[in-house]
Amino acid sequence: MAGYWDGPEGEQCPQRTWLATRVGAAAGLVGAAYRIILLRPGSALAALQTAAADSVTMATLGAVFGLSTCLSAQVREEPEDPFNYFIGGCASGAVLGVRAHSYLTGTTACLGFGITAALMKIGNKEGWRLTGPPKL
């Protein structure tokens, strides 16, 4: 998602949303491939339905995240605040809860996605790295 971090937050909402949607769809395809391999659906049509449902769900979560994050940055007029990312992650979690027809899933995903997204933003602002040698 190198292009996602380019430019100021709260601007270029359609481009950011489209990028988040594409990343979500790609993640959905990878997850669907693992699910199909591990659970072996009964027919090719069932496998296709699984792949489509998983990909569309993940693409939707990406779109909701990208749009919610960008719009909250515009509305709140605080573009660099990690809370915008928490809002986007929480909105994506709520959509997942609706998809699962479960309040518990939605609440848990809201908190999990929101905290993870806020930590990603904080880490990006402060230059945290997940791989490579440590900076001394």
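Cut-offs and rules
Residues numbered from 1 in each chain as written. Predicted model: local features only at pLDDT ≥ 70, side-chain atom pairs only at ≥ 80, totals over all residues. Heavy atoms only, no water. Salt bridge = Lys/Arg side-chain N within 4 Å of Asp/Glu carboxyl O. Helix = DSSP H or I, 4+ residues; strand = E, 2+ residues; numbered from the N terminus. Disulfide = S-S within 2.5 Å. Buried < 20%, exposed > 50% of the residue type's maximum accessible area, 1.4 Å probe, protein only. Phe/Tyr/Trp six-rings, centres within 6.5 Å; stacked < 30°, edge-to-face > 60°.

So what about the pattern of salt bridges? Which residues, and what values?
If the charged atoms of two oppositely charged side chains come close together, the side chains can form a pair. Applying the stated criterion across every chain yields a total of six salt bridges. Notably, a salt bridge pairs Asp 54 with Arg 35, separated by 2.8 Å at the nearest N-O pair. Of this pair, Asp 54 sits in helix 2 (residues 44–76) while Arg 35 sits in helix 1 (residues 13–39); the two residues are 19 residues apart in sequence, bridging distant segments of the chain.

Requested: an account of the state of the cysteines, with residues and values cited.
Under the definition given, this model contains two disulfides. Disulfide partner of Cys 13: Cys 70, at an S-S distance of 1.9 Å. One quick way to see it: the torsion about the S-S bond of Cys 13 and Cys 70 is about -90°, and its sign makes the bridge left-handed. Of this pair, Cys 13 sits in helix 1 while Cys 70 sits in helix 2, and the two are 57 residues apart along the sequence. For the residue pair Cys 13 and Cys 70, the accessibility class agrees, reading buried in each case. Between Cys 90 and Cys 110 runs a disulfide, and the two sulfur atoms are separated by 1.7 Å. Since a negative S-S torsion denotes a left-handed disulfide, the Cys 90-Cys 110 link at about -65° is left-handed. Here Cys 90, found in helix 3 (residues 82–100), pairs with Cys 110, found in helix 4 (residues 103–126); they are 20 residues apart in sequence, far enough to count as distant. Indicated for the protein chain is the disulfide connectivity 1-2, 3-4, based on numbering the bonded cysteines in sequence order.

Account for the packing of aromatic side chains, naming residues and giving values.
Note on aromatic pairs: each is described by the distance of the centres and the angle between the planes. Within the structure shown, the criterion is met by two aromatic pairs. Measuring from ring centre to ring centre gives 5.8 Å for Phe 65 and Tyr 85, while their planes differ by 65°; the resulting arrangement is edge-to-face. With a gap of 20 residues between them, Phe 65 in helix 2 and Tyr 85 in helix 3 connect regions that are remote in the sequence. For Phe 65, a relative accessible area of 15% gives the class buried. The buried category is assigned to Tyr 85, whose relative accessible area is 2%. Ring centres of Phe 83 and Phe 86 lie 5.9 Å apart, and the angle between their planes is 15°; this geometry places the pair in the stacked category. Remark: Phe 86 and Phe 83 occur in helix 3; sequence separation between them is three residues, near one turn of the helix.

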